[in-house]
Amino acid sequence: MTKKVLITDYVWPSLEPERAVLAGAGAELVVAPDGSEETLSSLAKDVDGILTCFEQVTERVLRAAEKCVVVGRYGVGVDNIAVETATELGIVVTYVPDYCVDEVSDHVMALLLSWNRRIVLFDNATKRKAWGSEGLGMRIMRLRGKTLGVVGLGRIGRAVCSRAQAFGMDVLASDPFVSTEDADQIGAQLVDLPELLASSEFVTLHSPLVPETNGMIGSAELEQMKPEAFLVNAARGPLIDEDALYDALTSGGIAGAGLDVLVDLAPPLDHRLVQLENVIVTPHTAFFSQEAVLELEERAAGEVVSVFQGRMPDNLVNQTVLSQSNLRAKVLASLAQRSG
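Residues numbered from 1 in each chain as written. Predicted model: local features only at pLDDT ≥ 70, side-chain atom pairs only at ≥ 80, totals over all residues. Heavy atoms only, no water.

Participant: How would you summarise the overall build of the protein if you had to cite specific residues and measurements?
Facilitator: A count of helices and strands for the protein gives 13 helices and twelve strands. Taking 2.2 N^0.38 as the reference for a compact globule, 340 residues should give roughly 20 Å; the C-alpha atoms of the protein span a radius of gyration of 22 Å, in line with that estimate. Taken along its principal axes, the extent of the C-alpha atoms in the protein is 70 × 45 × 35 Å. Partitioning the contacts of the protein with sequence separation of at least 6, the portion at a separation of at least 24 is 62%. Surface accessibility of the protein: about 15,900 Å² in total, with carbon and sulfur atoms responsible for 51%. Across the protein, 28 positive and 47 negative side-chain charges occur, with their mean positions spaced 4 Å apart. (Helix = DSSP H or I, 4+ residues; strand = E, 2+ residues; numbered from the N terminus. Rg over C-alpha atoms; globule rule 2.2 N^0.38 Å. Contact = heavy atoms within 4.5 Å. Areas by Shrake-Rupley, 256 points an atom, 1.4 Å probe, with all protein chains shown as cover. Lys, Arg positive; Asp, Glu negative; His and termini not counted. Charge placed at Lys NZ, Arg CZ, Asp CG, Glu CD.)

Participant: Mind laying out the side chain of Glu297, listing which residues take part and the relevant values?
Facilitator: You can see Glu297 is positioned in helix 12 (residues 290-308). Setting aside anything within four residues of it in sequence, one finds Glu297 in contact with Trp12, Ser14, Leu15, Pro17, Glu18 and Tyr74.

Participant: An account of helix 11 (residues 242-251) is requested, with residue identities and associated values reported.
Facilitator: Listing the buried residues of helix 11 in full gives Glu242, Ala244, Leu245, Ala248 and Leu249. An end-on view of helix 11 places all buried positions within 155 degrees of arc, on one side of the element. Buried residues belonging to helix 11 abut helix 10 (219-224), strand 10 (230-233), strand 11 (256-259) and strand 12 (279-281). Taking the backbone nitrogen of Asp243 as reference, a side-chain oxygen 3.0 Å away marks Asp241 as the first, capping residue of helix 11. At the exit of helix 11 stands Gly252, carrying a positive phi of roughly 85 degrees. (Buried < 20%, exposed > 50% of the residue type's maximum accessible area, 1.4 Å probe, protein only. Arc of directions from axis to C-beta. Polar contact = N/O pair within 3.5 Å; in protein donor to acceptor, adjacent residues only side chain to side chain.)

Participant: I'd like to hear about the pattern of salt bridges, residue by residue, with values.
Facilitator: A full pass over the atoms with the stated rule returns 15 salt bridges. Of the charged contacts, one joins Arg63 and Glu59 as a salt bridge, the two residues approaching to 2.9 Å between their closest N and O atoms. With Arg63 and Glu59 both in helix 3 (residues 59-64) and four residues apart, this pair spans about one turn of that helix. Judged by relative accessible area, which is 35%, Arg63 ranks as partly exposed. The structure contains a network of salt bridges with shared partners spanning Lys4, Asp46 and Lys67. (Salt bridge = Lys/Arg side-chain N within 4 Å of Asp/Glu carboxyl O.)

Participant: Could you give an account of the sheet that holds strand 1 (residues 3-7), naming the residues involved and the relevant values?
Facilitator: Read from one edge to the other, the open sheet built from five strands follows the order 2-1-3-4-5, with strand pairing classed as parallel. In this open sheet, the two edge strands, each paired with only one partner strand, are strand 2 (27-31) and strand 5 (92-94). Neighbour to neighbour, the strand axes of the sheet diverge by 20 degrees on average, direction disregarded. Summarising the sheet, strand 1 and strand 2 pair through five bridges and their orientation is parallel. (Pairing = 2+ DSSP bridges. Axes fitted to C-alpha atoms, helices over the stretch in contact; angles between N-to-C directions.)

Participant: So what's going on with the state of the cysteines? Which residues, and what values?
Facilitator: Under the definition given, this model contains zero disulfides. Between Cys53, a free cysteine, and Cys100, which holds the nearest cysteine sulfur, the sulfur-to-sulfur gap is 11 Å. Owing to a relative accessible area of 3%, Cys53 belongs among the buried residues under this scheme. Free of any disulfide, Cys68 has its nearest neighbouring cysteine sulfur in Cys53, separated by 17 Å. Given the relative accessible area of 0%, Cys68 is considered buried. (Disulfide = S-S within 2.5 Å.)

Participant: Describe the packing of aromatic side chains, listing the residues and the values that go with them.
Facilitator: Throughout the structure, instances matching the rule amount to four aromatic pairs. Each ring, one from Trp12 and one from Tyr74, has its centre 4.8 Å from the other, and the planes form 75 degrees; the classification is edge-to-face. Of this pair, Trp12 sits in the loop between strand 1 and helix 1 (16-23) while Tyr74 sits in the loop between strand 4 (70-73) and helix 4 (83-89), and the two are 62 residues apart along the sequence. A single burial state applies to Trp12 and to Tyr74, both of which are buried. Between the aromatic rings of Phe287 and Phe288, the centroid separation amounts to 6.1 Å while the plane-to-plane angle is 85 degrees, which identifies the pairing as edge-to-face. (Phe/Tyr/Trp six-rings, centres within 6.5 Å; stacked < 30°, edge-to-face > 60°.)

Participant: Let's hear about the pairing of strand 1: which residues, and what values?
Facilitator: Where the polypeptide runs from strand 1 across helix 1 and back to strand 2, its parallel neighbour, the crossover connection is right-handed. Where strand 1 lies against strand 3 (residues 49-52), three bridges are found, and the strand directions are parallel. Bridge pairing in strand 3 places Ile7 opposite Leu51. (Right-handed = clockwise from strand over helix to strand, strands pointing away.)

Participant: Hey, could you go over the packing of helix 1 against helix 12 for me, with residue numbers and the actual values?
Facilitator: To characterise two packed helices, one gives the angle between the axes of the helices and the distance between these axes. Where helix 1 contacts helix 12, the axes come no closer than 8 Å and their chain directions differ by 25 degrees. Regarding the angle of helix 1 to helix 12, the classification is roughly parallel. The chirality of how helix 1 crosses helix 12 is right-handed. Between helix 1 and helix 12, the residues in contact are Pro17, Glu18, Val21 and Leu22 and Leu294, Glu297, Glu298, Ala301, Gly302, Val304 and Val305, respectively. Of the residues contributing to the contact of helix 1 with helix 12, the split by class is seven nonpolar, one polar and three charged. (Parallel < 35°, antiparallel > 145°, perpendicular 65-115°, else oblique. Left-handed = near helix turned anticlockwise from the far one by under 90°. Nonpolar A, V, L, I, M, F, W, Y, C, P; charged D, E, K, R; others polar.)

Participant: How would you explain the sheet that holds strand 8 (residues 189-190) if you had to name every residue and give the values?
Facilitator: In spatial order, the strands read 8-7-6-9-10-11-12; together these seven strands make up an open sheet with parallel pairing. Where the open sheet ends on each side, the last strands, each with one partner, are strand 8 and strand 12.

Okay, here's the thing in structure tokens:
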């Protein structure tokens, strides 16, 4: 019997890579025409698996998906999936946590360099006015010896550390789950968040979005930063209180920000942060390269195939689901027992 996999959304040109991977397991795609909860709940009733990029796979969607054994995320975080509900229902959740490490860390440094060397400013002035029309009164730092604060030392945070060090920057890091010895091995000094914010000319966020990190950079944290500081967020928009950030950027509390993400996944053109001259905005493209997207499509689909074929997925989000009596992927339960 042919299995069906619901694709809630995607932002790349073609679904052929995952279509080919899933066909090998006798599965076909069902592509949602929109990402509304009503549409996804209706389509989920008849599918064996779900693959999602940015759309919300809510409790309602999961409860409607009575045949579903696996939900796979195209990406690193799973904050758009009701993981607790999936676990309750015996549904496996997978993701691809390491597909775009190079791309995002490169993008962070691109935002940092573009701001510090005033690339956007000089480009616009030269094209609109004339060669040499922009004076040199703005602050441009020599990066060597300056401090980058990295909040979150996961794969991407660590990759950013190595790139910053290549420019001669000192690196501070803050992460409650990383030891001083571990940070030392990558040349970063582990400090608490207030010290990092107060000591860094540049700060970049790489924390996952969980209840404890929602709004982690608010008014109090921004007030701790240097007036010449530049804040980068290529992780999740809600890590920053946007009202507080706007106030800091317009009052001179900090110098600027580089944002690849905002709270609104599709912000309007007149979004007040987007319109600020001291903000560099990219439309959630830090993850992107042709190589990264192909890897993402194939690996996300491959995780779904693994569950369909009774193999343990490489990146299982909800480990506790394996011990539940209602685990829908029954073969995985026996595999977990043997490995335990």
